[in-house]
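Summary of structural features
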Amino acid sequence: MKRRMAVVMAIVATVLSAGCNSSGSDVSPKSARPPGPEDIPEALAVAGQSVTSGVAVGPMRKTEDISGFRIAKYPVTVAQFRSCVEAGGCAPAQEQACISRQSDSPLGRPTLDVAGGDKLPAICVGVAQAKAFCSWVGAKLPSLPQFLLAARGPKVTRFAWGDTSPGCQQHPEGKGSFFSPGSMTSCALNDDPLRAFSVGQHPAGAGSSGIEDVLLSPGELIDVSMDAYTMACVAPFAACVAYGVVPAAIDGFEPVTAGETAAANKAYSFRCVWN
């Protein structure tokens, strides 16, 4: 089983690029040391309840009961992912171009390569690498209902905080109307973009569970299941990505195959859950 897992990891561990296929040599992680307390992301408890899955518009809806869980308050950071690589728990990423629509931010290139970016969300990390990190800290990627319950609560809303238009207090690209995507202007243009796109800078944008920085990057990685209501989140895909037509809006899901780091060239971040 260990040999099989190593082969699978070597095949599906993808490079540090959004929308680019993995290539190169075997980068399977070696036997890892256990994570220290400083390596484990801060987590918040989410009580079990009914959660409605679906997008903010359209007839697709499904309500299901799920058990309580704990979820990382912030996306996994560059520093945390680096610790996993150094400990041997995660395959190292290869340096390649990272395609991101947030071209005015540090997220416009691989965050693992941004000087002083330890608190930036780790984007352009492959599906296998993200799963390896969560496994290293005793967790896993969130399921679709877990992500939705934590990110926006039991009912469907367009943003983590509700349906009101985003402002700079909620998201670093929230200046403008979400009804006119072309008018969206990065709040970081007149600020320190390294700070603005780091985790923990926008508590006003928290979800009802208290988790923050939902879709701080263009998308967030979600695990697949055999019976997910959203077809993008169904096996045999490796994972799916939640994303917004405009920044911070949770209104789309796209599949990710084993050989790519993001769907439709959308750089994604990820966070972990503990049952």
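Scroll up a little and you will see the structure.
Residues numbered from 1 in each chain as written. Predicted model: local features only at pLDDT ≥ 70, side-chain atom pairs only at ≥ 80, totals over all residues. Heavy atoms only, no water.

Moving on, we get to the packing of helix α2 (residues 78-87) against helix α3 (residues 127-136). Packed helices, taken two at a time, are described by their axes: the angle between them and the distance between them. It is the contact of α2 with α3, at a shortest axis distance of 10 Å, that shows an interaxial angle of 85°. Between α2 and α3, the crossing angle belongs to the class labelled roughly perpendicular. Contact with α2, carried on its side by Q80, F81, S83, C84 and A87, involves Q129, F133 and W136 of α3 and no other residues of that element. A per-class count over the contact of α2 with α3 returns five nonpolar, three polar and no charged. (Axes fitted to C-alpha atoms, helices over the stretch in contact; angles between N-to-C directions. Helix = DSSP H or I, 4+ residues; strand = E, 2+ residues; numbered from the N terminus. Parallel < 35°, antiparallel > 145°, perpendicular 65-115°, else oblique. Contact = heavy atoms within 4.5 Å. Nonpolar A, V, L, I, M, F, W, Y, C, P; charged D, E, K, R; others polar.)

Attention now goes to the sheet that holds strand β1 (residues 43-46). The strand order across the open sheet formed by three strands is β1-β4-β9, and the pairing between neighbours is antiparallel. Each of the sheet's edge strands pairs with one partner strand only, and the pair in question is β1 and β9 (273-274). Of the strand pairs in this sheet, β1 and strand β4 (residues 69-72) are connected by four bridges, and their pairing is antiparallel. Counted as the bridge partner of L44 is I71 from β4. Relative to the sheet, helix α4 (residues 144-152) contacts β1, β4 and β9, its axis offset from that of β4 by approximately 70°. (Pairing = 2+ DSSP bridges.)

Cis geometry marks the peptide bond from A235 to P236; its omega dihedral reads 15°. By the element assignment, P236 lies in the loop between β5 (219-222) and β6 (239-243). One non-glycine residue, D213, lies in positive phi territory at about 60°. Not every positive phi belongs to a glycine, and A248 is a case in point at roughly 80°. Tracing the sequence through the fold places A248 in the loop between β6 and β7 (252-256).

The next thing to look at is the environment of C187. One can find C187 in the loop between α4 and α5 (193-196). Put simply, C187 and G174 are 13 residues apart on the chain and 6.6 Å apart in space, counted from C-alpha to C-alpha. Residues contacting C187, with those up to four places away along its chain left out, are C168, H171, P172, E173, G174 and K175.

Let's shift gears to the state of the cysteines. Using the criterion set out here, one finds four disulfides in the structure. Here C168 engages in a disulfide with C187; their sulfurs sit 1.9 Å apart. Across the S-S bond linking C168 and C187, the dihedral sits near -90°, which makes this disulfide left-handed. You can see C168 sitting in the loop between α4 and α5 and its partner C187 sitting in the loop between α4 and α5, a full 19 residues away along the chain. (Disulfide = S-S within 2.5 Å.)

For S198, the position within the fold is in the loop between α5 and β5. Judged by relative accessible area, which is 8%, S198 ranks as buried. At 2.6 Å, the side chain of S198 forms a polar contact with the backbone oxygen of L194. Here S198 is in contact with K119, L120, D213 and L216, once residues within four sequence places are set aside. (Buried < 20%, exposed > 50% of the residue type's maximum accessible area, 1.4 Å probe, protein only. Polar contact = N/O pair within 3.5 Å; in protein donor to acceptor, adjacent residues only side chain to side chain.)

The next subject is the packing of aromatic side chains. As enumerated under the stated definition, the model contains three aromatic pairs in all. Ring geometry for F133 and F270: centres 5.9 Å apart, planes at 75°, overall edge-to-face. Of this pair, F133 sits in helix α3 while F270 sits in the loop between β8 (268-269) and β9, placing them 137 residues apart in sequence. What makes F133 buried here is its relative accessible area of 0%. F270 gets classed as buried once you look at its relative accessible area, which sits at 0%. Between the aromatic rings of F159 and W161, the centroid separation amounts to 5.0 Å while the plane-to-plane angle is 10°, which identifies the pairing as stacked. Following the ring pairs from residue to residue traces out a cluster consisting of F133, W136 and F270. (Phe/Tyr/Trp six-rings, centres within 6.5 Å; stacked < 30°, edge-to-face > 60°.)

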